[in-house]
There are 2 protein chains.
Amino acid sequence: MNFGAVTIKDIAKELGISASAVSKALKDSHEISEKTKKLVLECAKKHNYQPNPMAQSLKRGNSKSLGIVISTIDNQFFSQVINGIESVAYSKGYNVIITQTHESYDLELSNVNHLTVRAIDGLLISLSTETRNLDHLKYLHDKGLPIVFFDRVTDELETHSVIADNCKGAYEATKHLIDVGFRKIAHVTSSPHVSITAERLKGYKLALEENNIPIDEKYIKYCLHGGRDLAEIENVLAELIQSTDRPEAIFTASERITTTTLTILHRLGVKIPQDIALLGFTNTHLAEVLNPSLSAVYQPGFDMGKKATEMLIGLIETKRPITEFQKVVLPTELFIRDSSQPVLISK
Amino acid sequence: MNFGAVTIKDIAKELGISASAVSKALKDSHEISEKTKKLVLECAKKHNYQPNPMAQSLKRGNSKSLGIVISTIDNQFFSQVINGIESVAYSKGYNVIITQTHESYDLELSNVNHLTVRAIDGLLISLSTETRNLDHLKYLHDKGLPIVFFDRVTDELETHSVIADNCKGAYEATKHLIDVGFRKIAHVTSSPHVSITAERLKGYKLALEENNIPIDEKYIKYCLHGGRDLAEIENVLAELIQSTDRPEAIFTASERITTTTLTILHRLGVKIPQDIALLGFTNTHLAEVLNPSLSAVYQPGFDMGKKATEMLIGLIETKRPITEFQKVVLPTELFIRDSSQPVLISK
DNA sequence: CTGAAAGCGCTAACAT
DNA sequence: ATGTTAGCGCTTTCAG
């Protein structure tokens, strides 16, 4: 708390004027004389006066804070998003409360509840892998809470959203694998109920179709919990590797699945890219120093956070109700490195 | 905000009783009849009553939130610390406001100010690399704000702190490098004004001394901004590499310096460990799949956050003033991988 | 057992 | 130009 805080009352008393005069002077009201203003400002500075945000919030009915719900902070992509969010939130006087779902619906529910109980002015959310029922968000949205979705979004609520161009990113990635000569390309992805899964899958299939490669469902593997635990991805990879018709390349669909796949293949002694090539969505800045250097689809995490927050604050601060909702799509970037090359160019 | 929120007043009106009765019933006061309590509880549940936290805070003079100041969230070590912090904060009903200094004193100053203005009940801080003057924290501490330091700490304030056993971690790392046969061991570290720098340097020197290796100042390189930008580390590494007496191994002192060093050496075409061996502090879960797999000193980030938060909440919630302050030291773990081996055992 | 009233710090409509 | 008052939602004496 505002320890030993000086209040408006204290200043009023010291100056022998009323509290409301001080309040008005502090916000440079036209109905206060210059002399008094100067006096008040000086006194406030002298005592390092800071308005009590609780009192202001109670009065104004806002909290100047934004809630964020993501799967986990311990993830390059999301920490970049958070950096983007903070870069605009702080400059507009909002602070930010981050909560993590760890891909669990129950945690998402309790986090959203916790946040709204704690009084936020708006919510930024990337849905958990498990989430299928959106009633908790619809309820709040109907009550008037501004919400902006990013990354894992939904069409069930009418509001703004920001995503990467997942379909195109996946398309380019798959096309690259085809271009360098692979035809048996597996796709390891998250739960089919998550928006990004569908979008990335679409891009993957598109690239195959365009190149007359039949889509083989046994090469498409879902991790229902988004790869929250290693075992989930281990099982899926074991199936692919032990398959009689083993894929030549794997295209992985998320930060965690990508890096975990690399780790598991390493442990299994599967050589990349000789035994199996690998390319995946990841924002790790270590991609070029991995073994082998990792071909990657990079998402503009920082910009995504930035854009989502701008839109959210727009929703919060606008007077009239919004009727037009935007779906912002940000481009991804494809980085070709060694892990997706059919012949390893060793250094 | 609590959108369309039901207040105590609303419940009171609906039930035809007074607001204070409702308030008391809600906290199961002994001076309210069981019958009324049941009525109130039912009504509250029916309308999904949530107390307004602003009003409660204003009344109680606390905010149930903790401020965190770290250098950056985009860092495995710190994101693990945050996970630890949240694990205890939420369970005790506190929420958490994270701010980043990006190693800048000015940002630290404005963040700390922002946080206290926003009314926090306590502060968890890892000092920025640039910070030398602690007046901003002393001032708040004197006013009674509970503060717990972690990671980069100071002796200038009398309060709890939690650190890794940096000296021992550095000692073990250096000793390992000596044991496998290196004698020319460089140390690339952060600013000499930061606590962890001194501690790690001490361990480094201790290991050298114990093995009768003279300490050579030209092998000790400081990054005054903690390696905030690449160029800083590039310069330092260039000096080491171009030295006529090039070191055989480098021991790096922080998450960012370690991973950046690996990246730069890669780009320069310096082979690890053949040309130069590398071992450093890092918490990245990708260490084993780096090229080469990276020998690392691992800090218990999660436990550090957990412990620091437990102590902070202890300070906040205790009635009587604390006189005994603890300095908790958590063990590090050394992982030997390929990057520190004099002969690479290739797979 | 229940209610009335005051007050946390700030603001704004309404006096003066 | 300045002061008075009421009230945001909740808690806590203090009366009844």
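For the structure, check the block above.
Residues numbered from 1 in each chain as written. Chains lettered and ligands numbered in written order. Predicted model: local features only at pLDDT ≥ 70, side-chain atom pairs only at ≥ 80, totals over all residues. Heavy atoms only, no water.

Student: Got a sec to walk through the nonpolar core? Specific residues and values, please.
Tutor: Membership of the largest hydrophobic core comes to 84 residues, with the highest contact counts inside it found for A:I185, A:F251, B:I185 and B:F251. Of all hydrophobic cores here, the second largest spans 54 residues; its members include A:A89, A:L315, B:I82 and B:M304. (Core = buried A, V, L, I, M, F, W, Y, C linked by side-chain atoms within 4.5 Å. Buried < 20%, exposed > 50% of the residue type's maximum accessible area, 1.4 Å probe, protein only.)

Student: Mind laying out the packing of aromatic side chains, listing which residues take part and the relevant values?
Tutor: Residues and elements named next belong to chain A. Enumeration according to the criterion identifies six aromatic pairs over all chains in this entry. Ring geometry for F251 against F281: centres 6.1 Å apart, planes inclined by 40°, an arrangement best described as tilted. Placement of the pair is F251 in strand 8 (residues 249-252) and F281 in strand 9 (residues 277-281), with a sequence separation of 30 residues. The pair F251 / F281 is uniform in exposure class, with both members buried. The ring of F281 carries the charged tip of R200 above its face, separated from the ring centre by 3.7 Å. If you follow K218 out to its NZ or CZ, it ends over the ring of Y219, 4.7 Å from the centre. (Phe/Tyr/Trp six-rings, centres within 6.5 Å; stacked < 30°, edge-to-face > 60°. Helix = DSSP H or I, 4+ residues; strand = E, 2+ residues; numbered from the N terminus. Lys NZ or Arg CZ within 6 Å of the ring centre and 35° of its normal.)

Student: Mind laying out the sheet that holds strand 12 (residues 333-335) of chain A, listing which residues take part and the relevant values?
Tutor: Within a sheet, neighbouring strands are paired by backbone hydrogen bonds and run either parallel or antiparallel to one another. Residues and elements named next belong to chain A. Reading across the sheet, the six strands line up as 7-6-8-9-10-12 and stay open at both edges, with mixed pairing between neighbours. The open sheet terminates on both sides in strands that have one partner only, identified here as strand 7 (220-222) and strand 12. With strand direction ignored, the average angle separating the axes of adjacent strands in the sheet is 15°. Each of strand 6 (185-189), strand 8, strand 9, strand 10 (295-298) and strand 12 touches helix 8 (residues 166-179); the most contacted strand, strand 9, lies at about 170° to it. (Pairing = 2+ DSSP bridges. Axes fitted to C-alpha atoms, helices over the stretch in contact; angles between N-to-C directions. Contact = heavy atoms within 4.5 Å.)

Student: An account of the relation of the copies chain A and chain B is needed here, citing residue identities and associated values.
Tutor: Between chain A and chain B, the superposition needs a rotation of 180° and an axial shift of 0.0 Å, giving an RMSD of 0.1 Å. Overall, the copies show the geometry of a two-fold rotation axis. Interface overlap between copies is the fraction of interface residues in one copy that are interface residues in the other; for chain A against chain B it reaches 100%, indicating a shared surface. (Least-squares fit on C-alpha atoms with pLDDT ≥ 70 in both.)

Student: Residue-level account of the packing of helix 6 (residues 105-117) of chain B against helix 7 (residues 135-143) of chain B, with values.
Tutor: Two quantities define a packed helix pair, namely the angle between the helix axes and the distance between the axes. Residues and elements named next belong to chain B. Relative to each other, helix 6 and helix 7 sit at 20°, their axes nearing to 10 Å. With respect to each other, helix 6 and helix 7 are oriented roughly parallel. The element helix 6 and its partner helix 7 pack so that their crossing is left-handed. Contacts from Y105, E108, L109, V112 and T116 in helix 6 reach H136, L137 and L140 in helix 7. The class makeup of the residues in the contact of helix 6 with helix 7 is five nonpolar, two polar and one charged. (Parallel < 35°, antiparallel > 145°, perpendicular 65-115°, else oblique. Left-handed = near helix turned anticlockwise from the far one by under 90°. Nonpolar A, V, L, I, M, F, W, Y, C, P; charged D, E, K, R; others polar.)

Student: Describe in detail the protein's contact with DNA strand D, supporting the description with residues and values.
Tutor: Taken together, 27 residues surround DNA strand D, and among them A:S20, A:K24, A:E31, A:K59 and B:Y49 come closest. A:K24 places a side-chain nitrogen or oxygen 2.4 Å from a base oxygen of DNA strand D. For the surface near DNA strand D, the secondary structure elements donating two or more residues are helix 2 (19-26) and helix 4 (53-60) of chain A together with helix 1 (8-15), helix 2 (19-26) and helix 4 (53-60) of chain B. Among the elements that make up the surface near DNA strand D, the one with the highest residue count is helix 4 of chain B (four residues). Taken together, the residues of the surface near DNA strand D break down into eight nonpolar, eleven polar and eight charged. (Near = heavy atom within 4 Å. Polar contact = N/O pair within 3.5 Å; in protein donor to acceptor, adjacent residues only side chain to side chain.)

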